[in-house]
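Chain residues, written in single-letter form:
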Amino acid sequence: MTLPLTSPASTVVFADLDDTLFQTLRKLPGADPATLTPMTVDSRGQPHSHATPAQMALLDLLAAPHVTLVPVTGRDAAAMARVTLPLRSWRVLDHGLTILTPAGTPDPEWAAQVRAQLAPLQEPLRAGTGAIAPHAARLGARLTSHAAHGTPFMTVLKHPDADPAVLAELQDRLEAAHGPDHPLRVIANANNVSLLPRHLGKAAAVRYLLGTHLSGAALTLGLGDSVSDLPFMDECDFALTPRRGQLMRTLRALTLPQR
Ligand SMILES: [Mg+2]
């Protein structure tokens, strides 16, 4: 068999970061620290999240010249600045609400679309946040408001000890008030519960990039660990998820009839 001499077809990989390409040591019980590669630093500049040898091998594969790696993360610009993994192309931050160009500046067209779509969500976001605030205070949870392009888009609830009972109560209350027809939705993971736009997020950002600056790829891959990553992974030709992630656990728990 003769290998083709032409360069390989272009591939775009959209990848969630935390718990997909690296994770904190707490998520790596029993791992030999000598085998881990630091990938982020904390606010004091100390190594915080690490990649396993398997994640390093995956990153090596994604570093091929015909592959464009686009992070798709909930991190904001400050948290993104603590990621030491070299990222040279487009970057999706703030759960999709910010897209940075390869030069590192916000894509102005996306920013304008986001601002327009956030305007009618300001009142529901204020109402939802106001309703949960007393419960957060009673349960000792911290409530923070996050903005993109100068406009609030998300409320995040965290508990100092990540108490699962506290986070579950806050999640239940938020979900009861924000059903499937509500313009805001709730996402949850092991250490926070967040209220954010239902139709404006990682998937919309990936769709925008595929329709504009990154159109024409022969192959697109979506990498993510969380159920909330599924919509953006579903915009890609193939999806890849780490073992022991939230998405994999959810899939394993499904019992489908064997036909
Ligand atoms: Mg993740």
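Just so we're clear, the structure is a prediction, and the values are computed from it rather than from any experiment.

Thresholds applied
- Residues numbered from 1 in each chain as written.
- Predicted model: local features only at pLDDT ≥ 70, side-chain atom pairs only at ≥ 80, totals over all residues.
- Heavy atoms only, no water.
- Patch = residues over 30% accessible without salt bridge, like charges linked within 9 Å, V, L, I, M, F, W, Y side chains within 5 Å.
- Areas by Shrake-Rupley, 256 points an atom, 1.4 Å probe, with all protein chains shown as cover.
- Salt bridge = Lys/Arg side-chain N within 4 Å of Asp/Glu carboxyl O.
- Lys, Arg positive; Asp, Glu negative; His and termini not counted.
- Charge placed at Lys NZ, Arg CZ, Asp CG, Glu CD.
- Helix = DSSP H or I, 4+ residues; strand = E, 2+ residues; numbered from the N terminus.
- Axes fitted to C-alpha atoms, helices over the stretch in contact; angles between N-to-C directions.
- Parallel < 35°, antiparallel > 145°, perpendicular 65-115°, else oblique.
- Left-handed = near helix turned anticlockwise from the far one by under 90°.
- Contact = heavy atoms within 4.5 Å.
- Nonpolar A, V, L, I, M, F, W, Y, C, P; charged D, E, K, R; others polar.
- UniProt positions renumbered as here; feature names shortened; annotations may be inferred.

Time to look at a positive patch on the surface. Taken together, the side chains of Arg243, Arg244, Arg249 and Arg252 make up a positively charged region of the molecular surface. Mapped onto the elements, arginine 249 comes out in helix H8 (residues 246-253).

Close contact between helix H4 (residues 122-139) and helix H5 (residues 164-177) brings their axes to 11 Å; oriented N to C, the two are set at 160°. Put simply, H4 runs roughly antiparallel to H5. Handedness of the H4/H5 crossing: right-handed. Residues Gly128, Ile132, His135, Ala136, Arg138 and Leu139 of H4 form the contact with H5, whose own contacting residues are Val166, Glu169, Leu170, Arg173 and Leu174. Per-class residue counts for the contact of H4 with H5 are six nonpolar, two polar and three charged.

Okay, the UniProt feature "domain: Sucrose phosphatase-like" (unreviewed entry) in the chain next. This chain's UniProt record puts "domain: Sucrose phosphatase-like" (unreviewed entry) on residues 54-231. In residues 54-231, the share of helix is 38% and the share of strand is 24%. The end C-alpha atoms are 25 Å apart.

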